[in-house]
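Analysis of the macromolecular model
Here's the letter readout for the chains.
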Amino acid sequence: MYPWRRASALGRVRRAWVIPPISVSENHKRLPYPLVQIKSDKQQLGSVIYSIQGPGVDEEPRNVFSIDKFTGRVYLNATLDREKTDRFRLRAFALDLGGSTLEDPTDLEIVVVDQNDNRPAFLQDVFRGHILEGAIPGTFVTRAEATDADDPETDNAALRFSILEQGSPEFFSIDEHTGEIRTVQVGLDREVVAVYNLTLQVADMSGDGLTATASAIISIDDINDNAPEFTKDEFFMEAAEAVSGMDVGRLEVEDKDMPGSPNWVARFTILEGDPDGQFKIYTDPKTNEGVLSVVKPLDYESREQYELRVSVQNEAPLQAAAPRARRGQTRVSVWVQDTNEAPVFPENPLRTSIAEGAPPGTSVATFSARDPDTEQLQRISYSKDYDPEDWLQVDGATGRIQTQRVLSPASPFLKDGWYRAIILALDNAIPPSTATGTLSIEILEVNDHAPALALPPSGSLCSEPDQGPGLLLGATDEDLPPHGAPFHFQLNPRVPDLGRNWSVSQINVSHARLRLRHQVSEGLHRLSLLLQDSGEPPQQREQTLNVTVCRCGSDGTCLPGAAALRGGGVGVSLGALVIVLASTVVLLVLILLAALRTRFRGQSRGKSLLHGLQEDLRDNILNYDEQGGGEEDQDAYDINQLRHPVEPRATSRSLGRPPLRRDAPFSYVPQPHRVLPTSPSDIANFISDGLEAADSDPSVPPYDTALIYDYEGDGSVAGTLSSILSSMGDEDQDYDYLRDWGPRFARLADMYGHQ
């Protein structure tokens, strides 16, 4: 206790303090409690001041320890807890009264001695484990774990585990040192006890001290140790004939294994009695029953009863040691109920063929049905359900089908040469049943159309055989393959001159090229061609081809001088000719009405300006109510050029070169008169070419352009009175000179003169 006391041996001096550790028990109740006294031998008693520093004094936790500064006694002032602080390290100081250090500071270590003041504690309130039923002894289940806050180096933390309660029989044990729970014997059966509840205990002081408890819940996992069994040895059911996809009845089974697990789910197999696979058994996932269903229609007339042998097994394999089921198989008797079945078409769909254009009354097919109800005498009647062209007629008693009119080849209901109809067969049972049959009729193509030249059946050729590409000829045929192309083009052999002057060469299956063998005269030529298709038998047509032979340039096209010849060879049908003539008449009427309207407007304006003076001024003032171009063009539109192109023009224009418009080019050469075509079919081209010639003739105003009103003609003694340009200079004009012409022009001077 007083290591600093001077030793008895003389001449030995301590170099420093040496204080061994001081032990004090935790939870000490008698406070303050003296721990140790320190003393310095450098000064006399009463002349030394002692002090301590460190945790528990001037550091947290404060005021746990204190020292008497004059005697050096160290006291414990508070209860210690080893689980919070297991030791304290302080420093002790010795000073003289003047504050000088007498001894070097030394360490003072205080060790807290542990007491068993903490109970052990399980890490969980409930420990859970799983084990398969039928497990062998020693199988690990789970492990219990616990802790103790006391000093692990003492018995205060020496823990021991035990099972306080587990019921009977005792299937489990626990290792007292590790807490592992294992099986100790066989006989675990989930179907008997599915869950075991154990009460566990842990104690310190090697099992003799403080204790704590917890629970262990051990679940027994299922294995397939119970085979499913039918509840009956035989089941009786009824099923309607001619129906599929219908449930017939249920097969009830029992299984002690865990519901919903593969060890419980039943699988059914039909072992005998269903050679055609007309039945199927599926499992109801909720009840685990087998549901017998018809997958193929039954026929009462063929079989009235079925005897099925059915077995049941689990989805998971059965344990080898499990007992076999007493009712693993059962018999199922299914009685077939007779019902009214619909008639049946032996061949459905029925395919047949018929030639196109077949006349009414042509037999197509006999689409009859049979009644499968052999024990019931029934009559079958037939009718149409779908015949979009109303083309067919069905005998209601026999099902014989024939045409009732000619089917149009252009019918929209012909798809790739096939026509589809739907026929109904109805029995007279109560209630009646109906069968539907599809009749597909192939319309066989017949070669009933000869080929024809593709429009237009005309063209032009150069008069020189070696000029131009020739005339390309094409043919079409209303018949479908194989009664159409390839087409054969031939010059009519009954006209020998054709073969001498012309040639036809085949290009492909639908086109040929016409050329000249020798030079022929220019103009229209009518050629007779023979066209033949490849049908069986072939069809041939004689057709006229209008060919215009003209002089051609180096590029193979007709020269401008041959325009009339090019237009003369086009054939026009009667209907087209009527349309062209009617259009021409309407156009002429419109032009006449416009001219009359313009004339009347001009007269009304003239009357308002020169009231009472017109007849006196006609010899000096020209009439401008005509839509012409001035004094030199009083005739306006020369319609006679269209009506009588062969008649000569007026005598005044026949002498010398006719007067031209101011916009006529100097190089213009008047065109010769056109010859009226001899064929009425060429009137359309004649009118078109006439309009073109009139537009290009500068001696007359064009027929489709605006007329000129600002040109008063050549040599007029009168100035411009009214024109398009007059509005630009009205403000600068001086009309007072009109007063000098006499009283008749005084009114004009008043209207246009200066005010």
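Bear in mind that the values here come from a model prediction, so they are computed numbers and not experimental data.

1. As for the overall build of the chain
Each helix and strand counted, the chain has nine helices and 40 strands in total. Buried positions account for 37% of the 755 residues belonging to the chain. Residue pairs at least 24 apart in sequence account for 65% of intrachain contacts in the chain once pairs closer than 6 positions are excluded. Split by element, the accessible area of the chain, about 44,400 Å² in all, is 52% carbon and sulfur.

2. Some details on the pattern of salt bridges
Under the definition given, this model contains 19 salt bridges. Note that Glu542 and Arg494 form a salt bridge whose closest N and O atoms lie 2.8 Å from each other. Highlighted residues: Glu542 in strand 40 (residues 540–550) and Arg494 in the loop between strand 36 (488–491) and helix 1 (496–501), separated in sequence by 48 residues. Glu542 sits in the partly exposed class, given a relative accessible area of 46%. According to the relative accessible area criterion, Arg494 is exposed, its value standing at 60%.

3. So, the packing of aromatic side chains
Each aromatic ring pair is characterised by the separation of its centres together with the angle its planes make. Applying the stated criterion to the full structure yields 10 aromatic pairs. With a centroid separation of 5.8 Å and an interplanar angle of 65°, the aromatic rings of Phe171 and Tyr196 are classed as edge-to-face. Taken together, the residues span a long stretch of sequence, with Phe171 in the loop between strand 12 (160–165) and strand 13 (172–174) and Tyr196 in strand 15 (residues 195–203) at a distance of 25 residues. Exposure class is identical for Phe171 and Tyr196. Each is buried. Between the aromatic rings of Phe230 and Phe235, the centroid separation amounts to 6.3 Å while the plane-to-plane angle is 65°, which identifies the pairing as edge-to-face. Here the two residues Phe230 and Phe235 agree in accessibility, since each one is buried. By the ring-pair criterion, three or more aromatic residues cluster together here, those being Phe122, Phe127 and Phe161.

4. Describing unusual backbone geometry
With an omega of 0°, the peptide bond between Ser168 and Pro169 qualifies as cis. Position of Pro169 among the secondary structure elements: in the loop between strand 12 and strand 13. A cis amide bond links Asn348 with the next residue in sequence, Pro349, at an omega value of 5°. By secondary structure assignment, the location of Pro349 is in the loop between strand 25 (329–337) and strand 26 (350–355). Positive phi, normally seen in glycine, also occurs at Asn63, with a value near 65°. With respect to the helices and strands, Asn63 occurs in the loop between strand 3 (48–53) and strand 4 (65–67). Positive phi values are uncommon outside glycine, yet Asp390 reaches one of about 50°. Checked against the element boundaries, Asp390 lands in the loop between strand 28 (380–386) and strand 29 (392–394). Accessibility expressed as a relative area gives 43% for Asp390, which makes it partly exposed.

5. Examining the confidence of the model for the chain
Of the residues in the chain, 76% reach a pLDDT of 70 or more, and the chain-wide mean stands at 79. Note on residues 604–639: pLDDT under 50 across the span, and 56 contacts to partners over four residues away in sequence or across chains. In the predicted structure, residues 641–658 sits below a pLDDT of 50 and forms 25 contacts with residues beyond four places in sequence or in another chain.

6. Overview of the state of the cysteines
Applying the stated rule across the entire model yields two disulfides. Two residues share a disulfide in this structure: Cys462 and Cys552, whose sulfurs sit 2.0 Å from each other. Here Cys462 and Cys552 share a disulfide; its torsion about the S-S bond, -100°, makes the bridge left-handed. One end of the pair, Cys462, is in strand 34 (residues 458–462); the other, Cys552, is in the loop between strand 40 and helix 2 (563–566), and 90 residues separate them in sequence. Here Cys462 falls in the buried class, since its relative accessible area comes to 5%. In this model, Cys550 is linked to Cys558 through a disulfide, with the two sulfur atoms separated by 1.8 Å. Across the S-S bond of Cys550 and Cys558 the torsion is about -60°, and the bridge reads as left-handed. Looking at Cys550, the relative accessible area reads 0%, which means it is buried. Owing to a relative accessible area of 16%, Cys558 belongs among the buried residues under this scheme. Indicated for the chain is the disulfide connectivity 1-3, 2-4, based on numbering the bonded cysteines in sequence order.

7. Looking at the sheet that holds strand 7 (residues 106–113)
The four strands are arranged 1-7-6-3 in an open sheet whose pairing can be described as mixed. A strand with exactly one partner marks an edge of an open sheet, and here the two such strands are strand 1 (22–25) and strand 3. On average, adjacent strands in this sheet sit at an angle of 30° to one another, irrespective of strand direction. Pairing analysis gives six bridges linking strand 3 to strand 6 (residues 87–96), with the strands arranged antiparallel. Within the sheet, the bridge partner assigned to Ile52 lies in strand 6 and is Ala92.

Conventions and cut-offs
- Residues numbered from 1 in each chain as written.
- Predicted model: local features only at pLDDT ≥ 70, side-chain atom pairs only at ≥ 80, totals over all residues.
- Heavy atoms only, no water.
- Helix = DSSP H or I, 4+ residues; strand = E, 2+ residues; numbered from the N terminus.
- Buried < 20%, exposed > 50% of the residue type's maximum accessible area, 1.4 Å probe, protein only.
- Contact = heavy atoms within 4.5 Å.
- Areas by Shrake-Rupley, 256 points an atom, 1.4 Å probe, with all protein chains shown as cover.
- Salt bridge = Lys/Arg side-chain N within 4 Å of Asp/Glu carboxyl O.
- Phe/Tyr/Trp six-rings, centres within 6.5 Å; stacked < 30°, edge-to-face > 60°.
- pLDDT = per-residue confidence, 0-100.
- Disulfide = S-S within 2.5 Å.
- Pairing = 2+ DSSP bridges.
- Axes fitted to C-alpha atoms, helices over the stretch in contact; angles between N-to-C directions.

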